[in-house]
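Coordinate analysis (summary)
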Amino acid sequence: MMKNSISASKASLVFFLYQMISALDVPLDLSQPPTITQQSPKDYIVDPRENIVIQCEAKGKPPPSFSWTRNGTHFDIDKDEQVTMKPNSGTLVINIMNGGKAEAYEGVYQCTARNERGAAISNNIVIRPSRSPLWTKEKLEPNQVREGDSLVLHCRPPVGLPPPIIFWMDNAFQRLPQSERVSQGLNGDLYFSNVQPEDTREDYICYARFNHTQTIQQKQPISVKVFSMDSLNDTIAANLSDTDIYGAKPVTERPPILLTPTGTTSNKVELRGNVLLLECIAAGLPTPVIRWIKEGGELPANRTFFENFKKTLKIIDVSEADSGNYKCIARNILGSTHHVISVTVKAAPYWITAPRNLVLSPGEDGTLICRANGNPKPSISWLANGVPIAIAPEDPSRKVDGDTIIFSAVQERSSAVYQCNASNEYGYLLANAFVNVLAEPPRILTPANKLYQVILDSPALIDCAYFGSPKPEIEWFKGVKGSILRGNEYVFHDNGTLEIPVAQKDSTGTYTCVARNELGKIQNEVQLEVKDPTMIIKQPEYKVIQRYGHVSFECIIKHDSTLIPTVIWLKDNDELPDDERFLVGKDNLTIMNVTDKDDGTYTCIVNTTLDSVSASAVLTVVARPNPPFDLELTGQLERSIELSWIPGDENNSPITSFVIEYEDGLHEPGVWHYQTEVPGSQTTVQLKLSPYVNYSFRVIAVNEIGRSQPSEPSEQYLTKSANPDENPSNVQGIGSEPDNLVITWESLKGFQSNGPGLQYKVSWRQKDVDDEWTSVVVANVSKYIVSGTPTFVPYEIKVQALNDLGYAPEPSEVIGHSGEDLPMVAPGNVQVHVINSTLAKVHWDPVPLKSVRGHLQGYKVYYWKVQSLSRRSKRHIEKKILTFRGNKTFGMLPGLEPYSSYKLNVRVVNGKGEGPASPDRVFKTPEGVPSSPSFLKITNPTLDSLTLEWGSPTHPNGVLISYILKFQPINNTHELGPLVEIRIPANESSLILKNLNYSTRYKFYFNAQTSVGSGSQITEEAVTIMDEVQPLYPRIRNVTTAAAETYANISWEYEGPDHANFYVEYGVAGSKEDWKKEIVNGSRSFFVLKGLTPGTAYKVRVGAEGLSGFRSSEDVFETGPAMASRQVDIATQGWFIGLMCAVALLILILLIVCFIRRNKGGKYPVKEKEDAHADPEIQPMKEDDGTFGEYRSLESDAEDHKPLKKGSRTPSDRTVKKEDSDDSLVDYGEGVNGQFNEDGSFIGQYSGKKEKEPAEGNESSEAPSPVNAMNSFV
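Here the structure is a predicted model, which means the values were calculated and not measured. (Residues numbered from 1 in each chain as written. Predicted model: local features only at pLDDT ≥ 70, side-chain atom pairs only at ≥ 80, totals over all residues. Heavy atoms only, no water.)

This part covers the overall build of the protein. Helix and strand counts for the protein stand at 7 helices and 93 strands. In the protein, of all internal contacts separated by at least 6 residues, the share reaching a separation of at least 24 is 65%. By element, 51% of the accessible surface of the protein is carried by carbon and sulfur atoms, the whole surface being about 67400 Å². (Helix = DSSP H or I, 4+ residues; strand = E, 2+ residues; numbered from the N terminus. Contact = heavy atoms within 4.5 Å. Areas by Shrake-Rupley, 256 points an atom, 1.4 Å probe, with all protein chains shown as cover.)

This is how it looks when you write it as structure tokens:
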């Protein structure tokens, strides 16, 4: 909601309207009679402990002198040293604090202010010191009252000035509680409509507080003793003989009677404008209820209030219209009574027209009017300069006509101050009004060029305060040379004010006021600016927030750019709490950690110097309800009870339901269980109970926010014992051994036992056999084992509950089985039907059910790969198992490897385990398509040829029949040319492509074929050269791998710009997972991949950072144990014998040198030895640095073996076949066990060890080979 407060312009309007009804003020530099400006109140009660100050201030020209009368005679202040008059003032100060007594200065005082033009007088000021007398001593007898009777405790406070405020308290200074039954009357007495035993006490104390002297007087404590009927009968019985008839009547109900006022009618007189208080207090049992009516009319709306539990009728600001008969009616169930109060409203005099000052020029006429009203009608009397006009000096220009004085052709000597007195029996009014005869040209009192600012569409009031005698005429102009303002859009007030009722933007400008009379003319200019109104464009909105949450109210404003707004936030029309949780921002108010006390209305008030706007929103704080209380159990029966409760505070969110929980203090103390749930409007519920349970109940309230805390538990209620109503559930019979039967059940809970001594009767007999039931009674357990049973036979079982009072109803029977044993027979007639190269179907005959000896759970098929038909090497046998549930007789075997030999067998499964296996059945899978070739490398580019080398597929999946090579040129825009296809025999491993275009990039697609079809392809790109010069384009070629069990050495050749940053990507071959990426430090052309899985095929490729989309073709390798290739005995080669002789000679020379240096004290530097045999991973592979290049045949095996160019690598399967090379790493290592270290270096590259030294790592204990010896000294 949004509201506008009174704007500054509207406040100005009120001010100017006041000016319009007042006389023109005479400037103080001109002669004028005195005017009383300030005086003390007519009835002036003073504190006798402080100085008395009687005010009298006046203005006039010349300044007036002051004098006082006391009790109608002149008060000579110079003769009383305790009395002084303030300088330039008529205010008296009576010094009480220095020995004076206030009582000595009681009386009626009147002040007179006088100068040469007249005398003004003040009201009659009655000075009375306040009084707070002590309570008179009195002996108070104890009040002994019978229960149900009425009682009045009288206060009778001492008479004070002003009258004291009365209240009742106890000895602990705590106010006595009041209600419809017990309340305080207007006279201060304490009324009891009927007394109750709890009213008995000895400290009913009446207090009187005198506000003027800030003192409290205390009456002596009053004792009240209430006799109940029971105690009264006991007292009477103790004082009478057995033969006397005695006994007080019980408390009897009584109809109402009025304690105050008495009788049926009364009168009340109240003065106009005062507060009317009417009171009716009644006695009765039950306590009467009071109702008020006005006979022949309605109680005045908006001015009528009920107080003191409707015993007091209060009407504020009464008028003559409120006179009449007011009836109070007291009623209870036995009847009613009433009282009529006749109210008469009188009135002290009040003004209709008070006399106003007159400023006249010589020769002018005028009137003074004094009209007043009252009840009775007041009389009017006139005074001149404080003297009754009848005895005042005569003035021929004046004539008195009742309440009017008429002046004609006044002269300067006609100046005087006239007093009008209107009085009746209830008071008087006194007003001063002067007649000032002056001849003055016009004056404009409003400052020149005064700036007025108003809000658009609001009234603009432009002031032109003036003075002159005779009274000047006023005219308004807009602009310096504008025309005179006329018309309905302007309002011209008598005091000179120009009003523009609805100011618009074009109202802005300069306004000129002209005042003229017969003595002259004057003008004044003022400015008017019209501003845009202040608006709240985003108001705070109603919010509902949970306790401890955060809430924010927005208040976004729009205002005139020349006005500075201030924003104030209020809570419930009061300042915000002084709490750091309230954060006031530029456009919002945020409350952190909201609590219940933050609930209320929040108002945003925006103030400028000209206007004010506000908007409000309500914050409702919700929370989980408070817990219910006052739980009560009623209607107790054996199997039911009624529970009732009182809901707690719902915390602004209605309660939707109540959850009832119970505790069994007998069987499960401290554990609460759900009982039922009822709607939120219900506060009672009928609960079903079980026997032999010690119940306690509690209630939880639920609303949209959540659940309340549980209520306090109710009283306990123990139900009687009874036979069990139900038997154990979930009865089962399952054997744990082949010769037993284990009978289990879920025991009854404590409250289900219905009584003490809970036991179970367990019965069983073999099914389909004419046997009697065997029974046994067991304690409160949940299992019983029957021994000596046949294997897996059905049994009928039942379990019955009983307690000390008897048995539960007859239980139902269940079927169980004795223990299982392993199956005796294997499935027969196992057949395998191969569906394709990866899938087979197996069939078998079911075993007889009797041989299963248990619950048939299904069949298990064990199968394993014996060998691959394309590779005659045996592998580690890994058996796989497939389980087929139920009585199935076939199943599918997926995921087989093509072109392989498999075995399988079948076994039956029961709850005990597996039976014997069927005879192994052998089956073979047909050929499938091969995997991609293990690698494809393109080398030796020339002007018109490229050399291709490849490795056979890691998984041929059959007999390879050929390779398919497809290639096509790629131009500079990456468009593909015509595709050429070549079929290559399966026994080839390289090919030279000739007749190619020079300086052309080609893309190659290469795959292998079996009789089934083509496998996945591997791709590679290469470029023929131009003019036998290395191409300038970047490329990575000849990616080779040397793999060990968990790591692999990756090396490559790079052609292109310097400073390329390489990376290696790898992944499991055939997997769809993303490539893993490793960054190569520096510009090395090798890298070691670590953490690989043994026996796994990997794909790898190398790329260069910054060359978008540029990488090598894929290479494939497999980790695992190294496989020895066919070896060539190099020991029989002549070149090798010559080399070894040279090495031996070199060793001899080095030994001599070392011996000489040792004798000289020199030391062999280990660093030199390590530098001479550094890791080949970081050594360039050239013939002149001590390492050997690899050799491979480019043509068929029939051609002579020729050395390859330097820089070639071993194939990815880590072996060198004899037809590919005459050299083997095995020949140069330490037998077939030569392996790589984890960092990729080859073990044995340092000098060999003596035969008797233990082998290190994977090295053989054989003598070092000549190659090792050579490597040690090169």
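Having seen the model, we can carry on.
Glancing now at the state of the cysteines. Considering all chains together, one arrives at 6 disulfides under this definition. Here C155 connects covalently by a disulfide to C206, the sulfurs 1.9 Å from one another. Measuring the twist about the S-S bond at about -70°, one finds the C155-C206 disulfide to be left-handed. One end of the pair, C155, is in the loop between β14 (151-153) and β15 (165-169); the other, C206, is in strand β18 (residues 201-210), and 51 residues separate them in sequence. As far as the burial class goes, C155 and C206 line up, both buried. (Disulfide = S-S within 2.5 Å. Buried < 20%, exposed > 50% of the residue type's maximum accessible area, 1.4 Å probe, protein only.)

Before going further, it helps to spend a moment on a nonpolar patch on the surface. A contiguous nonpolar surface patch, about 660 Å² in accessible area, is contributed by L1145, L1148, I1149, I1152, V1153, F1155 and I1156. Note that F1155 resides in helix α4 (residues 1134-1159). The exposure class of F1155 is exposed, given its relative accessible area of 54%. (Patch = residues over 30% accessible without salt bridge, like charges linked within 9 Å, V, L, I, M, F, W, Y side chains within 5 Å. Salt bridge = Lys/Arg side-chain N within 4 Å of Asp/Glu carboxyl O.)

Time to look at the sheet that holds strand β31 (residues 366-369). Spatially, the 3 strands line up as an open sheet ordered β31-β36-β35, and their pairing is antiparallel. Of all strands in the sheet, those with a lone pairing partner are β31 and β35 (398-401), marking the two edges. Neighbour-to-neighbour, the strand axes of this sheet turn through a mean angle of 15°, independent of strand direction. Where β31 meets strand β36 (residues 404-407), 4 bridges bridge the pair, whose relative direction is antiparallel. Within β36, the position partnered with L368 by the bridge is I405. (Pairing = 2+ DSSP bridges. Axes fitted to C-alpha atoms, helices over the stretch in contact; angles between N-to-C directions.)

All right, on to the pattern of salt bridges then. Applying the stated criterion across every chain yields a total of 36 salt bridges. We note a salt bridge from R201 to D170, for which the minimum N-O separation is 3.3 Å. Separated by 31 residues along the polypeptide, R201 in strand β18 and D170 in the loop between β15 and β16 (182-184) bring together distant segments of the chain. Here K505 ties to D532 by a salt bridge, and the two come within 3.1 Å at their closest N and O atoms. Placement of the pair is K505 in the loop between β45 (498-500) and β46 (509-517) and D532 in the loop between β47 (520-531) and β48 (535-538), with a sequence separation of 27 residues. Here the residues in one salt-bridge network are R146, D149 and R254, joined through shared partners.

It is worth spelling out the nonpolar core at this point. Counting 29 residues, the largest nonpolar core has I52, I54, W68, I94, Y109 and I127 as its most contacted members. Contributing elements (two or more residues each) for this core: β3 (43-46), β4 (52-54), β5 (56-61), β6 (65-70), β9 (92-94), β10 (107-115) and β12 (125-129). Counting residues per element, this core draws most heavily on β10, at 3 residues. (Core = buried A, V, L, I, M, F, W, Y, C linked by side-chain atoms within 4.5 Å.)

Another point: the pairing of strand β26 (residues 304-307). On a regular strand, each side chain points to the face opposite its neighbour's, so the side chains alternate between the two faces of the sheet. As paired strands, β26 and strand β27 (residues 312-315) are joined by 4 bridges and run antiparallel to one another. From the neighbouring strand, F305 faces β27, where its bridge partner is K314. In this structure, the hairpin formed by β26 and β27 is closed by a connection of 4 residues, where N308 is found at a positive phi of approximately 55°.

Bringing the environment of S1051 into the picture now. Relative to the elements of secondary structure, S1051 occurs in strand β88 (residues 1048-1055). According to the relative accessible area criterion, S1051 is buried, its value standing at 14%. Engagement of the side chain of S1051 in a polar contact is seen with the side chain of T1040, the distance being 2.7 Å. (Polar contact = N/O pair within 3.5 Å; in protein donor to acceptor, adjacent residues only side chain to side chain.)

Topologically, Q110 is positioned in strand β10. On the basis of relative accessible area, Q110 is assigned to the buried category, the value being 18%. Remark: the alpha-carbon pair of Q110 and G72, spanning 38 residues in sequence, is separated by 8.1 Å. A distance of 2.8 Å separates a polar atom in the side chain of Q110 from the backbone oxygen of S122.

Let us now look at the packing of aromatic side chains. A complete count under the given rule lists 23 aromatic pairs for this structure. Ring geometry for W764 against Y784: centres 5.6 Å apart, planes inclined by 35°, an arrangement best described as tilted. One end of the pair, W764, is in strand β67 (residues 759-766); the other, Y784, is in strand β69 (residues 783-787), with 20 residues separating them in the sequence. A ring pair is formed by F967 and Y1002, whose centres lie 6.1 Å apart and whose planes are at 65°; its orientation type is edge-to-face. Of the two residues, F967 sits in strand β82 (residues 960-970) while Y1002 sits in strand β85 (residues 1001-1010), which places them 35 residues apart along the sequence. F967 gets classed as buried once you look at its relative accessible area, which sits at 8%. (Phe/Tyr/Trp six-rings, centres within 6.5 Å; stacked < 30°, edge-to-face > 60°.)

What follows deals with the sheet that holds strand β91 (residues 1086-1089). Read from one edge to the other, the open sheet built from 3 strands follows the order β87-β88-β91, with strand pairing classed as antiparallel. Of all strands in the sheet, those bounded by a partner on one side alone are β87 (1035-1043) and β91. Along the sheet, successive strands turn relative to each other by an average axial angle of 20°, direction set aside.

This paragraph deals with the confidence of the model for the protein. Interpreting fine coordinate detail is not advised for predicted regions of low pLDDT. The predicted model of the protein has a mean per-residue pLDDT of 84, with 84% of residues at 70 or higher. In the model, residues 1122-1128 has pLDDT below 50 throughout and makes 18 contacts with residues more than four positions away in sequence or in other chains. Under a pLDDT of 50 for its full length, residues 1161-1274 has, in the predicted model, 178 contacts with residues more than four places off or in other chains. (pLDDT = per-residue confidence, 0-100.)

With that out of the way, let us pick up the side chain of T719. In this structure, T719 sits in the loop between β64 (717-718) and β65 (729-734). One polar contact links the side chain of T719 to the main-chain amide nitrogen of Y692, over a distance of 2.9 Å. At 3.0 Å, the side chain of T719 forms a polar contact with the backbone nitrogen of V693. Dropping the residues within four chain positions of it, T719 is found in contact with E638, L689, S690, P691, Y692, V693 and Y695.

Right, let's talk about the environment of L896 for a bit. Mapping L896 onto the fold places it in the loop between β77 (890-893) and β78 (900-910). When the C-alpha atoms of L896 and Y863 are compared, they prove to be 10.0 Å apart, with 33 residues separating the residues in sequence. Apart from residues lying up to four places away in sequence, L896 is in contact with S837, T838, L839, A840, Y863, Y902, F923 and T925.

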